[in-house]
Structures are given as structure tokens and as C-alpha cells.
Amino acid sequence: MVHYFSYYWIYSPMRASQFLIATQKETPADAEVISHQLMLRAGLIRRLASGLYTWLPMGLRSIRKVERIVREELDAAGAQELLMPAVQPAELWQESGRWQQYGPELLRLKDRHQRDFCVGPTHEEVITDMMRKEVRSYKSLPMNFYQIQTKFRDEVRPRFGVMRSREFIMKDAYSFHLDQQSLQQTYDTMHLAYSHIFTRLGLNFRAVRADSGSIGGDASQEFHVLAQSGEDDIAFSNDPSSHFAANIETAEAMLPKAPRAAPSKAMKMVHTPDQKTIQSVCEFLGLAATQSLKTLVVLGHEDDNGQQPLVALVLRGDHTMNEIKVEKHPLIASPLTMAPEQRIVDELNTTPGSIGPVGLSISIIADRCATVMSDFTAGANLPGYHHTNLNWERDCDYTQVADIRNVVEGDPSPCGHGNIEIKRGIEVGHIFQLGDKYSQAMNATVLNENGKPQFMQMGCYGIGITRIIAAAIEQNFDENGIMWPLALAPFEVALIPLNYEKSAVVRETTDALYRDFKDAGIDVIMDDRAMRPGVKFADAELIGIPHRIVIGDRGIDSGTLEYRDRRAVANEDLPLTEALDFVKAKLGHRQ
RNA sequence: CGGGGCGUAGCGCAGCUUGGUAGCGCACCUGCCUGGGGGGCAGGUGGUCGGAGGUUCAAAUCCUCUCGUCCCGACCA
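What comes next concerns the included structure. (Residues numbered from 1 in each chain as written. Chains lettered and ligands numbered in written order. Predicted model: local features only at pLDDT ≥ 70, side-chain atom pairs only at ≥ 80, totals over all residues. Heavy atoms only, no water.)

## As for the sheet that holds strand β19 (residues 400-402)
Selection rule: Being paired, for any two strands, means DSSP has found at least two bridges between them. Only DSSP runs of H or I reaching four residues or more are called helices, and only runs of E reaching two or more are called strands; each is numbered from the N terminus. The axes used here are C-alpha line fits, helices contributing only the stretch in contact, and every angle between their N-to-C directions lies in the interval 0 to 180 degrees.
Here four strands make up an open sheet; going across it, the order is β14-β15-β16-β19 and the pairing mixed. Two strands bound the open sheet, and with one partner strand each, they are β14 (293-299) and β19. Strand-to-strand twist of the sheet, defined as the mean angle between neighbouring strand axes without regard to direction, takes the value 30°. Here β14 runs beside strand β15 (residues 310-316); their pairing, made up of seven bridges, is antiparallel. Each residue of the ladder has a partner; that of Lys-294, found in β15, is Leu-315.

So this is what it looks like as C-alpha cells:
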């Protein structure tokens, strides 16, 4: 159906000899995570400056594939695409208050007239401004807009290649509604659309409840790709019937089901010279950390006199404090500050490392788990001494109970089913109900049924396009290179002729195949480079092309080609005449 | 912003301690051989040693400043 004029044919960019294949044998010294290393080695990206990357032709092809899927699913979900400027006027950011709030992550600049601008890290202000100017009536709502744009966040420490870069491509969407109910509907639709997108991309992902921050409500979810190198810890239930998943920052640590055991031993004070950490005390006394209680002293919320009283937090020795939970506690100062050592000495007459609940005069907030301990060990509020066999009520007390620790594997799941499991995740998507935060700050209203202006409700929804590429690689690689999910592969099929230069049969067979594949709409690259076979194989594997067909004199004689799946260990022979149909079948689910 | 490492050819590195003609492997170019898993032989191209200043007859090497970059931490979401 497609006609190739000879010069198109010869210079076709899908011929490896005409395409920039920038593979490298050696791993650049400054790449730490596997995706970064492989993206550099496979010639997908090149670093321009810290956190800035050029997408080479090979890498761009994968980006385009992600974008295409994202567009298809968002269009299907009823969103409309638009494109907003990357550079934004400061006025809008001043109006929303974020010009002050955002800090140095916001790249600010001045134009030739000395007017302030920024390079957009996100586009809430611009879209809200657009909507308040364009839409008057509630009848126009709801509406949902998206764009695929380059964003810039001046990260303190860019790292891991495009995983945390400063400039990146993001799909962001913003929905507008008359009321919360409509917002909820679109939010749910977007949740579904995101699930479709990540499923089609072939990623192993989880939708995870996230910290809704200062805005409130529970309407914020992150989509994480599960991978070792992830920067976030995700807690979820190991019960297959449960959908519970939460960022570890927000996962609730439940009260253990087993009740507190009765005291069985008498309290004792023991000398523990120079033992200041839970670990060393427990080793010294030959106890398990689970039998010890740790006491942390932090600054409390300011009282009427502007003083910050000391507050003690007690946790089971092997548990760790969750700063986000602690900061939200009404008795605690925010941001969280550990008590200066001098105040502990002055007010508690002891030193850090020997603090305990017995006779402590300040407020004591006990973690739920700490309250069911019995016969436990804790500091004796006397430097160099600990109490053993302590028991609540009998020997000491706490003022309040709260959830102040991080969940650990094996904890009961908050959903009531199964136990907590923890895995690392890479955040690739985030959906959020903004409410009227921006519409109020920027006075974006529509007239409601009663003819009265009413602030629009907003939702926002992001997907890190470039980050998805890195995340996909983190999840799909082996010692030879990338193993792309089909939907993301820069090319679907690699045709590798051997001795293409000299063997007329090989050349003719390959050219014919190549043309057939292209005519069938398959993303095929033909490696016509005058290279030794080993080099071509290694490149195809490094780049991670899912399907490979080798054309050699040997096979042609017997009417066969060699096929190999990137994830398979062995070749299979393929009748020459069936090659196209065979590959089409393999690609079947693509269209 | 604090701590640490590193800047020498496109990539990976040696040389610096003890100053004296800038090297190795890969890549690249030419020729021949080879031709189903990063091949061999021979000959080549390519570097103001991150930059500036200083010490010295002489600086990749010593001193001062500076820039870049990576890691850890803090910060941010």
C-alpha cells in the first residue's frame, strides 16, 4: 500500500546505518541506578548539564509511545488537550501566593523589561486564569483539560538520570466542577484512566493512598511503579482480597490485637555504663529490642506564654518514629524539633540515652504498640542506669496514646485483612482533589443555578512521562540490557541480516522482509550496518528490542529465519514465508 | 547549605606522592585478514590535563582562588 521511491528506501531512517545508534560498551562513572546506566549505554539520552538531558532519537521514540497511550486514554476519559506556555508571568503566582511559598525550586527569571517570570513547574495558576476568563456558567461544567508539557523544577539534588531531573516532560490535567460530587466523579474517572494507562504500558504498579497535605480530605492517590530503586516506601496488605496500599508516611499503625500481658516480674534497676542506644543496651542486657521501650524528647506546641514545653514520645525499641504523624499531633511543635540536650539535663535531670517513663514529669505520648508491652526495659532517668521488667500502671504511666510510628512488615493491615508488606516504589502518577484552593485565591467563579457566583471545585492529575521511561527500565532489564514492554519499545522488531554486504540472497530477503513489515505498520529497524554479528546482537539486546529476526545464508538455504524473543533464552526457527504472520501474531494485542 | 569524592581524547582510566617530551584500553579513520555473540594484524586521527592566578629555568604534578560534577546529609513534594 505504501510506495517507496528509491531514495526514501535507501535513506529510510529505520535502517540502522542511517539512524543514530549511540550505544556504549562502558558504563559512565556517574550513573548510579540501573535505568540511568542503561539509558546512557543504549543511547536513549545524553546529559547536557546537571538534571538536563537530551533525548536522542532512540529514546524519543519511547517517549512518543507513552504520550500516545496517555492521549488515547485521556481523550477516552473525556479530557481535552491544550497547551500552555512553559514560561509564566509572576503576577499569577503572586495571586495564588505561591510566588512566596514555592522557594528556590521555582526557577525565576526576568525578561528584557525587568518583569518577573518563572519557568512553570506546574500549571494550576495558568489554567485557573484561563477558566475564569473563558467560562461563566455552571452549565459549561464539568470540564477537564490536559497538556503534555516540559516542566522545570530546580531540584536541590537532581539524581538518577531522568528519574529526578530538573527539566522533565509531564502530562498534567486539571478539572473544573460546580460541586464536590462532580469533582469526585471525574476523580474516579481519572483513577480508572490512570489504571488503564499503566496497564497498557505494561508496568507493575500500585495505586497508593497519599498524604493529602495541608489541603485536607483523603482525596489524593499516587500511582507507583514497584522497583528496588524507588524513592518511596509503599505499604500494602498481603491479603489478595484487600486493595489497601498507602505511602508509608501515611499508613496507619494499628493497635495489636493481643492484649497486654500481666506483669510477671518485679521491676529492677540495672547498671548500664556507656550504653546509650537501644541496640547497645539490649545487647548489653541480652534482651530483644522488642522488649525495650525508647523515649524521645521533642519540643511541644507553644503554650500561652510562648514557651515550648518538653514532650516525651515512647515507642517500642525496634520501631521508628514517623515524623509526619508526630508533627500533626496537637501537643507537638511543627516543624518537629528534638529537644536540645541541655534542656534534658536541666529539666529532666538525666541525659539522652537514659530517659524512661518512670517518674517523668512531662507529657508522655505513647505509641499504640508501646501500650501493650509488659515486663519491658527503659531508661531509668539516671545516667548509666536502666529499669528492667517495667509495667504500665504498676510502675509508670503515659498521658496519651497515639499512632506515631512507621509501620513495619508484618504489622496488621489497617484494612483489617492480612498483614503489611513494604516495597519500594517510583511515583509516576498523582491524582488530587484541590477543591477551591486556587479558584478562591484567584477568584475563579461561575454563576450557579441561582445566578450567584460560586467558586469552581478543581482536581489535578499528573503523570511523569519521562520518569515512566526510567521506571519501566528499572522493572525490565537483565545483564544484557533493557527488556522493554512491547508498548514502550522504540522499535518492536529488529531485523538482523548477517553478511548483508556481500550476500545478495541475504540482502534481497532482508529488504523484502523489511518492506513487508513496514507496509504492515510494524515498527521495525533493520540492522544493515557493516558490523560483525556479535555487535548487532549485543546492540539489539542492550536497546531492548522485543522481537529479533536473524537472516543468514545458512537459514535461507533451508527456507528459515531465526526468531528470538528478548525475554527468551533460545532461538526458534521460522519458515521464511511465515515470518510476517508470525510477528503480527506476536504483536497482536498492540492495535 | 554542610560533609566527602572526582575533573587528563567521545567513554573508562593511569600518570600527580618525589615538577623535566601526556599515556593505556575501548571507540573512531585507513588497509589487509576474518565473518553466527562486542574478532585479528598493521598504520593513523584526536587532549589549551575544567578555568584563573601564583611559585619555578620548567607545572597535569606544588600553592591560592574559582567553576563543574557525583555521593551522603539537610531541604522540598
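Next comes the rest of the write-up.
## Topic: the nonpolar core
Our working definition: Residues belong to one nonpolar core when they are buried, are Ala, Val, Leu, Ile, Met, Phe, Trp, Tyr or Cys, and are joined through side-chain atoms within 4.5 Å. The buried label goes to any residue with under 20% of its type's maximum accessible area, the exposed label to any with over 50%, and the partly exposed label to all in between, with areas taken from a 1.4 Å probe on protein chains only. A contact between two residues is defined here by any heavy atoms of the two lying within 4.5 Å.
Met-39, Leu-44, Phe-198, Leu-201 and Leu-495 are the most contacted members of the largest nonpolar core, which has 86 residues in total. Ignoring any residue separated from it by four or fewer positions in sequence, one finds Phe-198 in contact with Leu-203, Phe-205, Phe-223, Val-428, Gly-429, Ile-463 and Ile-468.

## Section: the protein's contact with RNA strand B
For clarity, the cut-off: We call a residue near a given molecule or strand whenever any one of its heavy atoms falls within 4 Å of it. For the purposes of these results, a polar contact is taken to be a pair of N or O atoms within 3.5 Å, where, inside protein, one atom must be able to donate a hydrogen and its partner to accept one; residues adjacent in sequence count only when each atom of the pair is a side-chain atom. The residue classification treats Ala, Val, Leu, Ile, Met, Phe, Trp, Tyr, Cys and Pro as nonpolar and Asp, Glu, Lys and Arg as charged. All others, Gly included, are polar.
Taken together, 32 residues form the shell around RNA strand B, and within it Arg-157, Lys-502, Arg-532, Glu-541 and Glu-562 come nearest. Taking the atoms of RNA strand B that fall within 4 Å of the protein, sugar and phosphate contribute 43% of them. Within the side chain of Glu-541, a nitrogen or oxygen atom sits 2.4 Å from a base nitrogen of RNA strand B. Take Arg-548: an N or O atom from its side chain is 2.9 Å from a base oxygen of RNA strand B. Listing elements by their share of the surface near RNA strand B, those giving two or more residues are α14 (533-543), β28 (547-551) and β29 (560-565). Sorting elements by how many residues they give to the surface near RNA strand B places α14 first, with seven residues. Taken together, the residues of the surface near RNA strand B break down into ten nonpolar, five polar and 17 charged.

## Digging into the packing of aromatic side chains
Rule in force here: To pair, rings of Phe, Tyr and Trp, with the six-membered ring standing in for Trp, must have centres within 6.5 Å; the planes then decide the type, stacked if under 30 degrees apart, edge-to-face if over 60, and tilted in the middle. By definition here, charges over rings are those cases where NZ of Lys or CZ of Arg is within 6 Å of the ring centre and within 35 degrees of the ring normal.
For the coordinates displayed, the defined rule picks out eleven aromatic pairs. Relative to Phe-176, the ring of Phe-145 has its centre 6.4 Å away and its plane inclined at 65°; by these criteria the two rings are edge-to-face. Remark: Phe-176 occurs in strand β8 (residues 167-177) and Phe-145 occurs in strand β7 (residues 143-152); sequence separation between them is 31 residues. Phe-176 shares its class with Phe-145; the two are buried. The aromatic ring of Phe-537 is capped on one face by Arg-548, whose charged end is 4.5 Å from the ring centroid.

## Structural notes on the side chain of Gln-149
You can see Gln-149 is positioned in strand β7. If near-sequence neighbours (up to four positions away) are discounted, Gln-149 is found in contact with Leu-83, Met-84, Pro-85, Ala-86, Phe-168, Ile-169 and Met-170.

## What about the packing of helix α13 (residues 504-519) against helix α16 (residues 579-587)?
Just so we agree on the cut-off: Small angles under 35 degrees read as roughly parallel and large ones over 145 as roughly antiparallel, with 65 to 115 read as roughly perpendicular and the rest as oblique. Crossings are assigned a handedness: left-handed for a near helix turned anticlockwise from the far helix by less than a right angle, right-handed for a clockwise turn.
The contact between α13 and α16 brings their axes to 10 Å, and the two run at 40°. In terms of axis orientation, α13 runs oblique to α16. At the point where α13 passes α16, the crossing takes the right-handed sense. Of the residues in α16, those in contact with Leu-513, Asp-516 and Phe-517 of α13 are Ala-579, Leu-580 and Val-583. Of the residues assigned to the contact of α13 with α16, the class counts are five nonpolar, no polar and one charged.

## Observations regarding unusual backbone geometry
Most of the time, phi is negative for any residue but glycine, and the peptide bond is trans. In this structure, Pro-142 follows Leu-141 across a cis peptide bond, with omega equal to 0°. Unlike most non-glycine residues, Phe-160 shows phi in positive territory, near 60°. Looking at the secondary structure, you find Phe-160 in the loop between β7 and β8. Judged by relative accessible area, Phe-160 falls into the buried class, the value being 17%. A positive phi angle, near 60°, is found at Asn-381, a position not held by glycine. Its place among the elements puts Asn-381 in the loop between β17 (374-379) and β18 (385-391).

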